[in-house]
Amino acid sequence: MDQIREHTGTKMGVISILNSTHQVFLSRYGLDAPETPRDMAFCAHTIFQMEPLVVCNALEDSRFNSNPLVTGHPNIRYYNGVPLNIDHSTCLGSLCAIDDEPRTDEQAAKDTAFLEGLRDQLVRKLSERIEKSKQQGTSGNLDSITEVSSTVSGGGSTNAGHE
């Protein structure tokens, strides 16, 4: 997660997965909560479109301007999330840079390129782990996904709150 913070300068970042009711943060910085309700999750939009979701100013985006994460704490203005696509039809979650200040399109484009490169590393390692599990006759689990996300994200804390 340190790589995201250093490259993008954002105050918040997450690696998240979605279940039927929540967005769960496997790794995060700048956020206290370990999860959010799925209906508030920007990540849910990222996963369904299977391509990066960039919101330069959430107050000006009708999809998000009434979202409690925008109107209240943590006051999200900027969201840049890339999907964690394992293949062409499977998306596990997203890798995101988030801030309480809006960004320009130019800034966002640089952040997206960086996040996509980091995502590619994460997905490659995760895919290797899944394939190894299949060969060994075991199934991958949340712990192995968390381990891979921690390795690729630079070992950032999984529960780093406001700093």
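Anything mentioned here points back to the structure above.
Mapped onto the fold, glutamine 107 is located in helix H4 (residues 105-135). A relative accessible area of 36% places glutamine 107 in the partly exposed class. Taking C-alpha positions, glutamine 107 is 9.0 Å from cysteine 56, a pair spaced 51 residues apart along the chain. Among the polar contacts listed, one links the side chain of glutamine 107 to the backbone nitrogen of threonine 104, at a separation of 2.8 Å.

Moving on: the pattern of salt bridges. Under the criterion given, the structure shown has eight salt bridges. A salt bridge links aspartate 61 to arginine 63, with the shortest nitrogen-to-oxygen separation between them at 2.6 Å. With its nearest N and O atoms 3.2 Å apart, the salt bridge here joins arginine 103 to aspartate 99. A relative accessible area of 2% places aspartate 99 in the buried class. By sharing partners, the salt bridges in this structure join Lys11, Asp99, Asp100, Arg103 and Asp111 into a single network.

Next up on the list: the sheet that holds strand S4 (residues 53-55). The strand order across the open sheet formed by six strands is S3-S2-S1-S6-S5-S4, and the pairing between neighbours is antiparallel. Edge positions in the sheet fall to strand S3 (35-37) and S4, since each has one partner strand and no second. On average, each strand axis in the sheet is inclined to that of its neighbour by 20°, with strand direction left out of account. Summarising the sheet, strand S1 (residues 12-18) and strand S6 (residues 91-99) pair through six bridges and their orientation is antiparallel. Looking at S6, one finds that valine 14 is bridged to cysteine 96. Each of S1, S4, strand S5 (78-85) and S6 touches H4; the most contacted strand, S5, lies at about 30° to it.

Next up on the list: the side chain of arginine 28. With respect to the helices, strands and loops of the structure, arginine 28 is situated in strand S2 (residues 22-29). Buried within the structure, arginine 28 lacks any salt-bridge partner; aspartate 32 is the closest side chain of opposite charge, at an N-O distance of 6.6 Å. Among the polar contacts listed, one links the side chain of arginine 28 to the backbone oxygen of aspartate 32, at a separation of 3.1 Å. In this structure the side chain of arginine 28 is engaged in a polar contact, spanning 3.2 Å, whose partner is the backbone oxygen of alanine 33.

All right, on to the nonpolar core then. Core analysis: the biggest nonpolar cluster contains 22 residues, and Phe42, Phe64, Tyr79 and Ile98 have the highest contact counts within it. Those elements that provide at least two residues to this core are S1, helix H2 (42-49), S4, helix H3 (68-71) and S6. Per element, the largest residue contribution to this core is four residues, and it comes from H2. Apart from the residues lying within four places of it in its own chain, the contact partners of isoleucine 98 are Thr10, Lys11, Met12, Val14, Ile76, Tyr78 and Tyr79. If you look at the next biggest cluster of nonpolar residues, it comprises 15 residues, including Leu26, Leu118, Leu122 and Val123.

To continue, consider the layout of surface pockets. Reported here for the largest pocket is a volume of approximately 210 Å³. Around the largest pocket, the lining is made up of 17 residues, and of these Phe25, Leu31, Thr36, Leu69 and Pro74 lie nearest the centre. When contributions to the lining of the largest pocket are tallied by element, the ones reaching two or more residues are S2, H2 and S6. Its residues assigned to classes, the lining of the largest pocket shows 12 nonpolar, four polar and one charged.

Moving on, we get to H2. Owing to its 3.6 residues per turn, the α-helix brings residues three or four apart onto one side. Those residues of H2 lying buried are Phe42, Cys43, Ala44, Thr46 and Ile47. Next to the buried residues of H2 lie S1, S2, S4, H3, S5 and S6.

How each quantity is defined
- Residues numbered from 1 in each chain as written.
- Predicted model: local features only at pLDDT ≥ 70, side-chain atom pairs only at ≥ 80, totals over all residues.
- Heavy atoms only, no water.
- Helix = DSSP H or I, 4+ residues; strand = E, 2+ residues; numbered from the N terminus.
- Buried < 20%, exposed > 50% of the residue type's maximum accessible area, 1.4 Å probe, protein only.
- Polar contact = N/O pair within 3.5 Å; in protein donor to acceptor, adjacent residues only side chain to side chain.
- Salt bridge = Lys/Arg side-chain N within 4 Å of Asp/Glu carboxyl O.
- Pairing = 2+ DSSP bridges.
- Axes fitted to C-alpha atoms, helices over the stretch in contact; angles between N-to-C directions.
- Contact = heavy atoms within 4.5 Å.
- Lys, Arg positive; Asp, Glu negative; His and termini not counted.
- Core = buried A, V, L, I, M, F, W, Y, C linked by side-chain atoms within 4.5 Å.
- 1 Å grid on protein atoms, 1.4 Å probe; cavity = no way out; pocket = protein on both sides within 12 Å on 5 of 7 lines; lining within 4 Å.
- Points joined across faces, edges and corners; volume = space filled by probe spheres on them.
- Nonpolar A, V, L, I, M, F, W, Y, C, P; charged D, E, K, R; others polar.

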